[in-house]
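In case you want the letters, here they are:
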Amino acid sequence: GAVVSQHPSWVICKSGTSVKIECRSLDFQATTMFWYRQFPKQSLMLMATSNEGSKATYEQGVEKDKFLINHASLTLSTLTVTSAHPEDSSFYICSAHSVWNSTDTQYFGPGTRLTVL
Amino acid sequence: AQRVTQPEKLLSVFKGAPVELKCNYSYSGSPELFWYVQYSRQRLQLLLRHISRESIKGFTADLNKGETSFHLKKPFAQEEDSAMYYCAPLLLSGGSYIPTFGRGTSLIVHP
């Protein structure tokens, strides 16, 4: 089946630094990828929709200058948390949208745990 | 506003008992509905979708358009069913269909 990978799986950084998280669809092309944030024991919150070759669409309340998204190819989207602060510590999950046999399916990455000290 | 509601944050049952995880959505159209499951320390994965009318791991979900519900059911819960379950319809937003997650229901199946 389709696989989505994320790298790194866990990152610890100092406050004020920037962190890049990669999301790759390994055996299929994804024109659309989604980035989610999950706080402990809470649901996934959609942050943005990333479309290959165009600007990401951010959800209300998500700072686009803070969370930079680049979808440079059909298999790679990156999320950069700029000038990270402790409140940005969270679990970030990406998903890739695939259409196969006229059926829409989301494939989720394993997530990246970000800890900002 | 379009939204999805999972009223139960936690559902605790004993092994062999029936289980129903509730999901209601507010949407004027006909959304495509999914249930996702996240086992402890694992990635989120698709459990089932309403359009395929399939049964996965003994779970079924019926779309009730009148009640705008898509409850997830299993007649006999197993311990390995313990996980977080998310109802996630694809809702139309800004011209695109976006997955919208409920807050999730934690299912605990006791031995």
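Residues numbered from 1 in each chain as written. Chains lettered and ligands numbered in written order. Predicted model: local features only at pLDDT ≥ 70, side-chain atom pairs only at ≥ 80, totals over all residues. Heavy atoms only, no water.

## A short note on unusual backbone geometry
Here is step 1 of the chain: For the bond from His-7 of chain A to Pro-8 of chain A, the omega torsion is 0°, close enough to zero to count as cis.
Here is step 2 of the chain: Here Pro-8 of chain A is to be found in the loop between β1 (4–7) and β2 (10–13).
Here is step 3 of the chain: The backbone of Ser-83 of chain A shows a phi angle near 45°, a positive value even though the residue is not glycine.
Here is step 4 of the chain: Assignment of secondary structure puts Ser-83 of chain A in the loop between β8 (76–81) and β9 (90–100).
Here is step 5 of the chain: Its identity as a non-glycine residue notwithstanding, Lys-57 of chain B has a phi of 55°, on the positive side.
Here is step 6 of the chain: Counting through the fold element by element, Lys-57 of chain B comes out in the loop between β6 (45–49) and β7 (60–64). (Helix = DSSP H or I, 4+ residues; strand = E, 2+ residues; numbered from the N terminus.)

## Regarding the packing of aromatic side chains
Here is step 1 of the chain: With the rule as written, the count across this model stands at 11 aromatic pairs over all chains.
Here is step 2 of the chain: Between Phe-67 of chain A and Tyr-92 of chain A, the ring centres sit 6.3 Å apart and the planes meet at 45°, which makes this aromatic pair tilted. Within this pair, whereas Phe-67 of chain A is found in strand β7 (residues 67–73), its partner Tyr-92 of chain A is found in strand β9, the two being separated by 25 residues in sequence. Each member of the pair, Phe-67 of chain A as well as Tyr-92 of chain A, is classed as buried.
Here is step 3 of the chain: In this structure an aromatic cluster arises from ring pairing among Phe-34, Tyr-36 and Phe-108 of chain A together with Phe-34, Tyr-36, Tyr-86 and Phe-101 of chain B. (Phe/Tyr/Trp six-rings, centres within 6.5 Å; stacked < 30°, edge-to-face > 60°. Buried < 20%, exposed > 50% of the residue type's maximum accessible area, 1.4 Å probe, protein only.)

## Some details on the nonpolar core
Here is step 1 of the chain: Counting 25 residues, the largest nonpolar core has Trp-35, Leu-47, Leu-48, Leu-72 and Tyr-85 of chain B as the members making the most contacts within it.
Here is step 2 of the chain: At the level of elements, β2 (10–14), β3 (19–21), β5 (34–38), β6, β8 (69–74), β9 (83–87) and β12 (105–110) of chain B are the ones that each hand at least two residues to this core.
Here is step 3 of the chain: The element contributing the most residues to this core is β9 of chain B, with three residues.
Here is step 4 of the chain: Non-local contacts of Tyr-85 of chain B, meaning those with residues more than four positions away in its chain, are made with Gln-6, Leu-21, Trp-35, Tyr-36, Val-37, Leu-47, Phe-59, Leu-72, Gly-104, Thr-105 and Leu-107 of chain B.
Here is step 5 of the chain: Counting residues in hydrophobic clusters, the runner-up holds 24 residues, among them Cys-13, Met-47, Ala-84 and Leu-114 of chain A. (Core = buried A, V, L, I, M, F, W, Y, C linked by side-chain atoms within 4.5 Å. Contact = heavy atoms within 4.5 Å.)

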